[in-house]
Amino acid sequence: MTPSIRVLRLPHARDLPLPAYATEGAAGADLRAALAEPLVLEPGARALVPSGFAFEIPPGFEVQVRPRSGLAARHGVTVLNAPGTVDSDYRGEVMAILVNHGSAPFTIAHGERIAQLVVAPVVRAAFDETVAIGATARGVGGFGSTGRG
């Protein structure tokens, strides 16, 4: 099933293209910055960067806001809460929380590709309280308990 997502263009995105897939096999659609003026992201700083779009995501789906690998590899700029989740009942402007882990300031211009959007199905679980849970070979080992690498 290919979900259809209705997109509301906000005034500050009037000249931006809709999110789009760059290649035939791309999993993520490019999300661009909708800025009145360039934004300088200093090393260690974070910013909420607007996209200029709001989405009507169908029930049973989410949109994940993910980093762009080129920005991360070349500049150390990534999505802070990756992946960020846009729930199907959210109707506000989609934004990306970007952080600069690099050593130099990074300037974000209006229309620059800042993140990618991945549409994913959502499975909701029922949480049932119990007095005990089943044992496994791993047990309570976590945070590297299974070895390095």
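Let me begin by describing the structure that accompanies this report. The structure presented is a predicted model; accordingly, all values stated were derived computationally and were not measured.

## Re the pairing of strand S3 (residues 29-32)
Here comes step 1: Alignment of strand S2 (residues 20-21) against S3, held across 2 bridges, turns out to be antiparallel. Each residue of the ladder has a partner; that of Tyr21, found in S3, is Ala29.
Here comes step 2: As defined by bridge partners, S3 adjoins strand S11 (residues 113-121) across 4 bridges and the pair is classed as antiparallel. Residue Leu31 lies in a different strand from S11, and its bridge partner there is Ala115.

## With respect to the pattern of salt bridges
Here comes step 1: Per the stated rule, a full pass over the model turns up 3 salt bridges.
Here comes step 2: Notably, a salt bridge pairs Glu56 with Arg6, separated by 4.0 Å at the nearest N-O pair. Of this pair, Glu56 sits in strand S5 (residues 46-56) while Arg6 sits in strand S1 (residues 6-9), and the two are 50 residues apart along the sequence.
Here comes step 3: We classify Arg6 as exposed; its relative accessible area is 58%.
Here comes step 4: For Arg68, the salt bridge is made with Asp30, and the minimal N-O distance between the two is 3.7 Å. Placement of Arg68 in the loop between strand S6 (61-66) and helix H1 (69-75) and of Asp30 in strand S3 is noted, with a sequence separation of 38 residues between them.
Here comes step 5: The network of salt bridges with shared partners includes Asp30, Arg68 and Arg113.

So, how was this worked out
- Residues numbered from 1 in each chain as written.
- Predicted model: local features only at pLDDT ≥ 70, side-chain atom pairs only at ≥ 80, totals over all residues.
- Heavy atoms only, no water.
- Pairing = 2+ DSSP bridges.
- Helix = DSSP H or I, 4+ residues; strand = E, 2+ residues; numbered from the N terminus.
- Salt bridge = Lys/Arg side-chain N within 4 Å of Asp/Glu carboxyl O.
- Buried < 20%, exposed > 50% of the residue type's maximum accessible area, 1.4 Å probe, protein only.

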